[in-house]
Amino acid sequence: MLWCPLSSQAEVEETLKRIQAHKGVIATMVINAEGIPIRTTLDNSTTVHYAGLLHQLTAKARSTVRDIDPQNDLTFLRIRSKKHEIMIAPDKEYLLIVIQNPCE
Amino acid sequence: MVTERRALLPLLGPHRRRHAGPRRRPLASPVSGRGPGKGCPGSGDAPRVSLRRAGREEGARGRGGRASPVCRETILTIEIFLQVFDDKGKDVTPHPLFHPDPSAAVPRQGKPLASINVLNSVLHKFWLLIVTILLELICLLLNVEQKRSRLLTSCNFTDVQARPEEIKEELTKEDLDRSVDLYLTETETIWMLDMPSVVASIESEEAGRILERNKIYADICKNRPGNDRFVEKMMQTINGAAKTKEVQCDQIIMEDKGVTATSWDLYDSVNILEIKPTSKAEGTRATAGKSNKPHTTKDTTSRTVVLENSIHEEEECSSGAILTLENFQRDLFFMERILMENIFQPKLAAYRQLPVLRGFYPSETLFNFTIFKEQGKEKKDKEEQKEGFINASILPDVNKSLEEVVPPRLERLWSYTCDLTNGHSVSSMAWSKVNPDLLAVGYGTFDFKEQKKGLACCWSLKNPMWPERIFQCEHGVTALDFSMASPNLLAVGMYNGSVAIYDVRSRKDAALLGSGESTNKHTGPVCQLRWVEQDRGATGEGKAERLICISADGRITSWFIQKRLDCTDLMKIKRTEREEKKLLGEKERKSGALISQLAAGMCFDFHPKDTNFYLAGTEEGHIHKCSCSSSEQFLKTYRGHKGPVYKVAWNPFSTDMFLSCSADWSIILWHQDSQTPTLTFNSTTTAVHDITWSPKSVFVFAAANESRVEIWDLGVSVLNPVISCIASPREKFMSVLFATNTDCLLVGDSKGEVGVFELQNLAAPRTDKVRLAGRS
């Protein structure tokens, strides 16, 4: 496995910046468990809108996965639409959301 | 029941009746009917009743007529001080007929119920008394046998007693293990219903009596009609005045509660139960409806409810702390890779030789569209090799002209480059031995003038835009290689002659081991290094891996790790004289004073089959065949190049042949038995920096000279390369590497980019050994 924990907060910030700067990435959001955005590149109202909706969707997806097999758990969620792709990394304490337009 | 009781009241003596108004409990009304509350202390001849509500509403007493509308408490403490006085003020309170036996089961519940029960029993007593009297009268009238005693004792007062209050014992854990004895006994027979039979046998004793009674009864029935005693009469009863009584109570609040118990919910609860039994009290409560508790709005799953209790102690939900969570970093890592996958998907698919849907991604340039034809029939001697592109939408199954042969070409897929590496020249590349998607690239130059700090990066296929590991080095990196035995070790050779070993598992910039303290280290740039597995037949150990380096100070060393990284010399490359100087007839010139007796070594390659032999190329242009067992003598010397030999490579399939490239613009193919070149390839006018054989085909090799990358296929042509890809004017190609698992070529250039090219339409690979025809 190539992954190992990043050693510092600066590296985390750097990775986040790199992700934001990638080709086609429209928005990057990190939202905490209560729906409050921690880091976002969109305006607040849109972010909160996304947060609420995606949180419910993630909960439902997780419930589905675990209902089929309780030992399983949701690790990643991708929603492909006509215009973008929304990628969500859910966790107990946060939601990492990246919206990308892959055709650019 | 109420009306009857009221009818009984005159028996008790004159008293005053007050209408008490609506009460909480219907039972309260007869009580209040007996007299006013404490509000009228003046009436000495009326029984005093006080009503006390338990708890908060102590102020609102049972005063005449007023009911407090809001009362949550449903328990009323009714304490009755029942006293009856007659006109003269004498206390004529009837004494209770029933004295509860103090030794018997005492009602252990709270006072209110006890007092109500006492009241109940008192009332019961009156009721029974009256009923008994009435029944006696009826009995006299009807002359029917009755068991009077039964009535009085029918009501077992112990039944009226409340259930003994259950005292909760404190259970301890030991109680679980304690064995409890349960005794099962038979109770006394409880008669629930006794219906004596109305039939008796003729032979029984009572038969005579019964027959007589029957006879008497029959006589009475006969006498009945016309008898004065059996006349039907009607009586009118006095109907008591009806009275309406209203009772008001608090609105009964209804609540809807819903629970969804999903299977993972149950699973979680069981697991959490094992971890923390105390939090089970919160339990599986997934509320679908509204919840009264002031939880956060995200409280829609019970899992979070249960876990919330367990993490309340940990308190790590602060916003800033999220960024440092390990999970978050891992998710960022994956997210970046997924983004890359989205961006590079067609390229990666081409890399993996998967069919790619063209026309789906409008970003593809027209250039890529024009070439692809369906796989047609081959020409006479060439086989078309399908490289994995199907353009189904443009060309249906119609076979295009058979004469058209698509020439082999390189298609650029992407390049590994980032800001960090811009400006550094690529000096060497190496694949990881276990992970074919992991590439190590060393950045540095051999040029003396352009020395700057070097870099070694590990790139992964999954992220072509940022390296996975970045190791900053003090000096330019000139050689690197991954180990086979411990695949996480990367050995890096630098311009100043030092060798460092890095562990790619960690992100630390510091080398795991360095040759800084070694006394025997190189004094010139390390031109090439390799991990070689060698048989240790002598010591009986089996294959051991050694790190072999060759450097410009003329030594070939083998490194080992004892207390620190140290090396021993395998070979010193002595300068050899050119053969031309030994022509007959010429006087032997004395060679001038040399700075060093050693010739700079530039490259080496171990024989693929027998790792005892290796070739070493020198700056003089000679290639020496050496053996590990002898460190003094060369076995053979191949002279053919006129400039420094930059690279030698054994053919992996036909192991008698090897290839060498040099700064004299030429590439030479040798046979190991012959000291003269077998074939020479001259195609450019620039130095050839790197060559490498294809891992798939015996005839194919790639060469990087400064202006071009060439793919030669000796089965097709020995004069010209089959593919020649010209570099842009600013960059010089420095290094080539074939991909091991796909048909791709990696080319590193002097700008710091490693371009990944796909080989298309090459001739079919052949791996059999090649015999030279007409050997000289």
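Everything below is about the structure shown above.
Basis of the calculations
Residues numbered from 1 in each chain as written. Chains lettered and ligands numbered in written order. Predicted model: local features only at pLDDT ≥ 70, side-chain atom pairs only at ≥ 80, totals over all residues. Heavy atoms only, no water. Pairing = 2+ DSSP bridges. Helix = DSSP H or I, 4+ residues; strand = E, 2+ residues; numbered from the N terminus. Axes fitted to C-alpha atoms, helices over the stretch in contact; angles between N-to-C directions. Phe/Tyr/Trp six-rings, centres within 6.5 Å; stacked < 30°, edge-to-face > 60°. Buried < 20%, exposed > 50% of the residue type's maximum accessible area, 1.4 Å probe, protein only. Lys NZ or Arg CZ within 6 Å of the ring centre and 35° of its normal. Contact = heavy atoms within 4.5 Å. Salt bridge = Lys/Arg side-chain N within 4 Å of Asp/Glu carboxyl O. Polar contact = N/O pair within 3.5 Å; in protein donor to acceptor, adjacent residues only side chain to side chain. Nonpolar A, V, L, I, M, F, W, Y, C, P; charged D, E, K, R; others polar. Parallel < 35°, antiparallel > 145°, perpendicular 65-115°, else oblique. Left-handed = near helix turned anticlockwise from the far one by under 90°. Patch = residues over 30% accessible without salt bridge, like charges linked within 9 Å, V, L, I, M, F, W, Y side chains within 5 Å. Areas by Shrake-Rupley, 256 points an atom, 1.4 Å probe, with all protein chains shown as cover.

Visitor: Explanation requested: the sheet that holds strand β27 (residues 723–726) of chain B in the structure shown.
Guide: Remark on secondary structure: sheet strands pair via backbone hydrogen bonds, oriented parallel or antiparallel. Residue and element names in this part refer to chain B. In spatial order, the strands read β24-β25-β26-β27; together these four strands make up an open sheet with antiparallel pairing. Across the chains shown, the open sheet's two edge strands, defined by having one partner strand only, are β24 (688–693) and β27. In this sheet, adjacent strand axes meet at a mean angle of 15 degrees when their direction is disregarded. Two elements, strand β25 (residues 700–705) and strand β26 (residues 708–713), share five bridges in a ladder whose sense is antiparallel. Following the sheet pairing, Val 700 is matched in β26 by Asp 713.

Visitor: Help me understand the packing of aromatic side chains, please; the structure alone is not making it clear to me.
Guide: Each pair of aromatic rings is reported with the distance of its centres and the angle of its planes. Residues and elements named next belong to chain B. Under the defined criterion, the tally for this structure stands at 17 aromatic pairs over all chains. Between Tyr 416 and Trp 459 the ring centres are 5.2 Å apart and the planes differ by 40 degrees, which places this aromatic pair in the tilted class. On the criterion of sequence distance, the pair formed by Tyr 416 in strand β3 (residues 409–416) and Trp 459 in strand β6 (residues 454–460) is long-range, its members being 43 residues apart. The residues Tyr 416 and Trp 459 share a single accessibility class, namely buried. Of the aromatic side chains, those joined through ring pairs into one cluster are Phe 344, Tyr 351, Trp 414, Tyr 416 and Trp 459. Above the ring of Phe 613, the side-chain terminus of Lys 625 is found at 5.5 Å from the ring centroid.

Visitor: Would you mind showing me how to read the interface of chain B and chain A here?
Guide: Facing 42 residues of chain B, the contacting portion of chain A comprises 47 residues. Seen at the junction of chain B and chain A, the total is three salt bridges. Asp 268 of chain B is the salt-bridge partner of Arg 66 of chain A, the closest N and O atoms lying 2.7 Å from each other. There are twelve residue pairs in polar contact (both at pLDDT 80 or more) connecting chain B and chain A. Secondary-structure elements contributing two or more residues to the side of chain B that touches chain A are α8 (263–275), α9 (302–311), α10 (319–322) and α11 (326–351) of chain B. Split by residue class, the side of chain B that touches chain A holds 19 nonpolar, nine polar and 14 charged.

Visitor: Please explain the packing of helix α1 (residues 9–21) of chain A against α11 of chain B as it appears in this structure.
Guide: Helix packing for two helices is described by the angle between their axes and how far apart those axes are. At a minimum axis distance of 10 Å, the contact between α1 of chain A and α11 of chain B shows a crossing angle of 25 degrees. It follows from the interaxial angle that α1 of chain A and α11 of chain B lie roughly parallel. As for the relative orientation of α1 of chain A and α11 of chain B, their crossing is left-handed in sense. Mapping the contact onto sequence places Val 12, Thr 15, Leu 16, Arg 18 and Ile 19 of chain A in α1 of chain A and Phe 328, Gln 329, Leu 332, Met 335, Glu 336 and Leu 339 of chain B in α11 of chain B. When the residues that make up the contact of α1 of chain A with α11 of chain B are grouped by side-chain class, the tally is seven nonpolar, two polar and two charged.

Visitor: Where do I start with the packing of helix α2 (residues 44–68) of chain A against α8 of chain B in this structure?
Guide: Following both chains from N to C, one finds α2 of chain A and α8 of chain B inclined at 75 degrees, their axes separated by 7 Å at the closest point. One element, α2 of chain A, and the other, α8 of chain B, form an angle in the roughly perpendicular class. Contacts between α2 of chain A and α8 of chain B pair Ser 63, Arg 66 and Asp 67 of chain A from the former with Ser 263, Trp 264, Tyr 267 and Asp 268 of chain B from the latter. Class assignment of the residues belonging to the contact of α2 of chain A with α8 of chain B gives a composition of two nonpolar, two polar and three charged.

Visitor: So what exactly am I meant to see when it comes to a nonpolar patch on the surface here?
Guide: All names here are of chain B. Residues Leu 97, Leu 129, Ile 133, Leu 134, Leu 137 and Ile 138 make up a contiguous nonpolar surface patch of about 550 Å² in total accessible area. With respect to the secondary-structure elements, Leu 134 resides in helix α3 (residues 111–142). With relative accessibility at 46%, the residue Leu 134 sits in the partly exposed group.

Visitor: For this particular structure, what's the right way to read the pairing of strand β9 (residues 489–494) of chain B?
Guide: In regular strands, side chains alternate between the two faces of the sheet. Residue and element names in this part refer to chain B. The buried fraction of β9 amounts to six of the six residues, a majority that puts the element mostly inside the structure. Going residue by residue along β9, you find Leu 489, Ala 491 and Gly 493 tucked away on one face and Leu 490, Val 492 and Met 494 tucked away on the opposite face as well. Looking at chain direction, strand β8 (residues 477–482) and β9 are connected through five bridges and run antiparallel. Its bridge partner lying in β9, Val 477 is registered against Met 494. The turn linking β8 back onto β9 is made up of six residues. Connecting the antiparallel pair β9 and strand β10 (residues 499–503) is a turn made up of four residues, with Gly 497 showing a positive phi of about 95 degrees.

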